[in-house]
Amino acid sequence: MSGFLQNTFNGLVGGAFYALLALGLAVIFGMLRVVNFAHGAFYMLGAFGAYVLLAEAGVPFWAALVIMPLALGLLGMVLERAVIHRLTRLDPLYNFLLTFGLTLILQDLVKSRYGVQSSPYATPAELSGTVDFGLFDFPTYRVFILGFTVLLCVAVWWVLGRTRVGMVVRAATERPELTRAFGIDVGRWVTPVFGFGIALAGLAGVLAAPMRAVNPLMGADLIIVVFAVVVIGGLGSIFGSVAAGFGIGLIQAWGEAYLSDFPIVSQTVVFVVMAAVLLWRPAGLFGREEAPA
Amino acid sequence: MLRIENLSAWYGEAQVLREVSLEVATGEVVTLVGRNGAGKSTLLRSVMGLHPGQRGTVSFGDRDVTKLPAHKRARLGLGWVPDDRGAYATLTVTENLTLPPRVGPDPWPLERVYEAFPALYTRRDSAATMLSGGEQQMLALARVLRMGARLLLCDEPTEGLSPLLVQQVGDLLREAKKHGVTVLLVEQNLHFATGVADRHYLLAEGRIAEAMDNSEVRSRERELLAYLGI
């Protein structure tokens, strides 16, 4: 029983990273109709940035948790203005080429300076140790990640669902042209929304630094699963991406724990789920068919 | 209020509007009738600034808006009632109503909207696409009234409505007209059109084929209906 609870908890923590990354991809896709293949690279930059800040400038985890999302959000906004916004009028193939190219550039820039070896990042002292849940102990840092991510998702949900800004973003996401006809300058919202999505990826990266290997390829490994998560949740669906993120985290953790004798199954279960969902609901679990403009 | 001069528009290679010129004076209700594909909706979309391939000029008030993007035209007082009613699935009824900023001198307060449309009030927290077709049409009209738009561009607001609702739409447009609101209306229902409008343009193959007044439309109703294929 305690083993099951522990696996479940681990699944939720893994799912928290998927949820943060998928959430950013969902708001970006919703507003820009751009699938950001560079999302994993920004996650990596978040983790690497935290590592560099600590190792070379002594900046602690808590400061990095604020600095990196802000800096990467800003970088995202600059990239959106410089190149990404040109994609809207082009064939979707360019979307893939540009954002995948960005991934390679960012990864290799980091590689050329720091190599491919993983760098250690110490868990902040305040969050070391374990929390006693009665039936099992759990690392304090992981409890923090889970709580922090859930709060963040609820906050994003609240802003999107209950504020004027959220209403405009929802309207512009659902029907950009109609929304312009109602006096809203949709274009003005695109850059900050892109920056926000990138900031979430950077934040996930900082959170990952103390518990995962920090190296230039850490994002590339993760992003494949995140895309499966986004497809399962429904491309562009905020709620779907978060729910599917946690769901896939759980399925993966259970798969690894109870199907470890069948590595082929445990490693592919996410994609089997994705294929099944696509056959059953082509728009994803919470996605809607594209509405006419 | 609205002046269109030599407006041409294309969908790719196909020209859908050919040198259309027309004027609508302040407080007038003018309809565009024509067969499917005659270019009526394209004309409204061009006035709204939503049709990219176009040539000619569009003036609103005393201002040339040809180069203005759609959101700026809306802020000058253009209100669009799209042919698909434009209800947002991810917004509640209240949010659908309050999404556009107030733009005119006489925007309806939300309370007045709900007084005039009790059905919308009872469903105010539902997703707008959960409303019936008729209710969605009311929502689309109520939205531009709440905006306080000075020129309403209505694309077949009576399509698919019951006779009772058609009458209600007519009452609303007459009421708006009384308050100085100008309306350019795409309409296939000639009976409805002569009941609310001052003048009519017949659009055929992208051109203004005829300009008619109410008595002319009434006396030629049979011929026109046959032409429109209704």
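Residues numbered from 1 in each chain as written. Chains lettered and ligands numbered in written order. Predicted model: local features only at pLDDT ≥ 70, side-chain atom pairs only at ≥ 80, totals over all residues.

Engineer: Is there a simple way to explain the overall build of chain A in this structure?
Structural biologist: Helix and strand counts for chain A come out as 11 helices and two strands. Relative to the 2.2 N^0.38 estimate, which gives 19 Å for 293 residues, the radius of gyration of chain A is 19 Å and therefore close to what a compact globule would have. Across its three principal directions, the C-alpha atoms of chain A cover 55 × 45 × 35 Å. When contacts within chain A are restricted to residue pairs at least 6 apart in sequence, long-range pairs at least 24 apart make up 76% of them. (Helix = DSSP H or I, 4+ residues; strand = E, 2+ residues; numbered from the N terminus. Rg over C-alpha atoms; globule rule 2.2 N^0.38 Å. Contact = placed C-beta atoms within 7 Å.)

Engineer: Can you walk me through the overall build of chain B in this structure?
Structural biologist: Of regular secondary structure, chain B possesses 10 helices and 10 strands. Seen along its three principal axes, the alpha-carbon backbone of chain B occupies a region of about 45 × 40 × 35 Å. Out of the 230 residues belonging to chain B, those deemed buried represent 47%. Restricting the contact set of chain B to residue pairs at least 6 apart, pairs at least 24 apart contribute 71%. (Buried ≥ 20, exposed ≤ 12 C-beta atoms within 10 Å, placed from the backbone.)

Engineer: Is there a simple way to explain the packing of helix α9 (residues 218-233) of chain A against helix α11 (residues 263-280) of chain A in this structure?
Structural biologist: All names here are of chain A. Two numbers describe how α9 lies on α11: the axes approach to 9 Å, and their chain directions differ by 25 degrees. Judged by the inter-axis angle, α9 sits roughly parallel to α11. α9 and α11 meet at a crossing whose hand is left-handed. For the pair formed by α9 and α11, the contact residues are V225, A228, V231 and I232 on the first element and V270, F271, V273, M274, V277 and L278 on the second. Classifying every residue of the contact of α9 with α11 gives 10 nonpolar, no polar and no charged. (Axes fitted to C-alpha atoms, helices over the stretch in contact; angles between N-to-C directions. Parallel < 35°, antiparallel > 145°, perpendicular 65-115°, else oblique. Left-handed = near helix turned anticlockwise from the far one by under 90°. Nonpolar A, V, L, I, M, F, W, Y, C, P; charged D, E, K, R; others polar.)

Engineer: When you look at the packing of helix α1 (residues 2-32) of chain A against helix α5 (residues 140-162) of chain A in this model, what are you seeing that I'm missing?
Structural biologist: When two helices pack together, their arrangement is captured by the angle between the axes and the distance separating the axes. Residue and element names in this part refer to chain A. Direction vectors running N to C along α1 and α5 enclose 35 degrees, while the axes themselves pass 9 Å from each other. By crossing handedness, the relation of α1 to α5 is classed as left-handed. Contacts between α1 and α5 involve L12, V13, A16, A19, L20 and L23 from the first element and R142, I145, L146, T149, C153 and V156 from the second. Split into classes, the residues belonging to the contact of α1 with α5 amount to 10 nonpolar, one polar and one charged.

Engineer: Help me understand the environment of B:Q137, please; the structure alone is not making it clear to me.
Structural biologist: All names here are of chain B. If you trace the backbone, Q137 turns up in helix α6 (residues 133-147). Spatially, the C-alpha atom of Q137 lies 9.3 Å from that of L165, the residues being 28 residues apart in sequence. Apart from residues lying up to four places away in sequence, Q137 is in contact with R85, P157 and L161.

Engineer: Help me understand the sheet that holds strand β10 (residues 207-213) of chain B in this model?
Structural biologist: Sheet strands pair via backbone hydrogen bonds, and the direction of the pair is either parallel or antiparallel. All names here are of chain B. The strand order across the open sheet built from six strands is β6-β7-β8-β3-β9-β10, with neighbouring strands paired in mixed fashion. Edge positions in the open sheet fall to β6 (78-81) and β10, since each of these has one partner strand only. Neighbouring strand axes in the sheet, compared pairwise and without regard to direction, differ in orientation by 20 degrees on average. Bridge analysis of strand β3 (residues 29-33) against strand β8 (residues 182-186) gives four bridges, and the strand direction is parallel. Bridge pairing links V30 to L184 in β8. Sheet contacts for helix α1 (residues 40-48): β3, β6, β7 (151-155), β8 and β9 (199-204); angle to β7, the most-contacted strand, approximately 150 degrees. (Pairing = 2+ DSSP bridges.)

Engineer: What's the story with the nonpolar core in this structure? I'm lost.
Structural biologist: In a soluble, globular protein the nonpolar side chains are often hidden away together inside. With 160 residues, the main nonpolar core has A:A22, A:A47 and B:L153 as its most contacted residues. The element that contributes the greatest number of residues to this core is α1(A), accounting for 16 residues. Setting aside anything within four residues of it in sequence, one finds A:A47 in contact with A:G205, A:V206, A:A208, A:A209, A:V214 and A:M218. (Core = buried A, V, L, I, M, F, W, Y, C linked by C-beta atoms within 7 Å.)

Engineer: What exactly am I supposed to notice about the interface of chain B and chain A here?
Structural biologist: Where interface size is quoted, it is often the accessible area lost as the parts come together. Each partner contributes to the interface: chain B provides 20 residues, whereas chain A provides 15 residues. Broken down by element, the residue count for the side of chain B that touches chain A peaks at four residues, all from helix α2 (residues 70-76) of chain B.

Engineer: Quick question: what am I supposed to make of the pairing of β10(B) here?
Structural biologist: Regular strands have side chains that alternate between both faces of the sheet. All names here are of chain B. Here β9 runs beside β10; their pairing, made up of six bridges, is antiparallel. Its bridge partner being in β10, H200 is matched across the sheet by M212. Count of turn residues in the β9/β10 antiparallel hairpin: two residues, of which E205 carries a positive phi of about 45 degrees.

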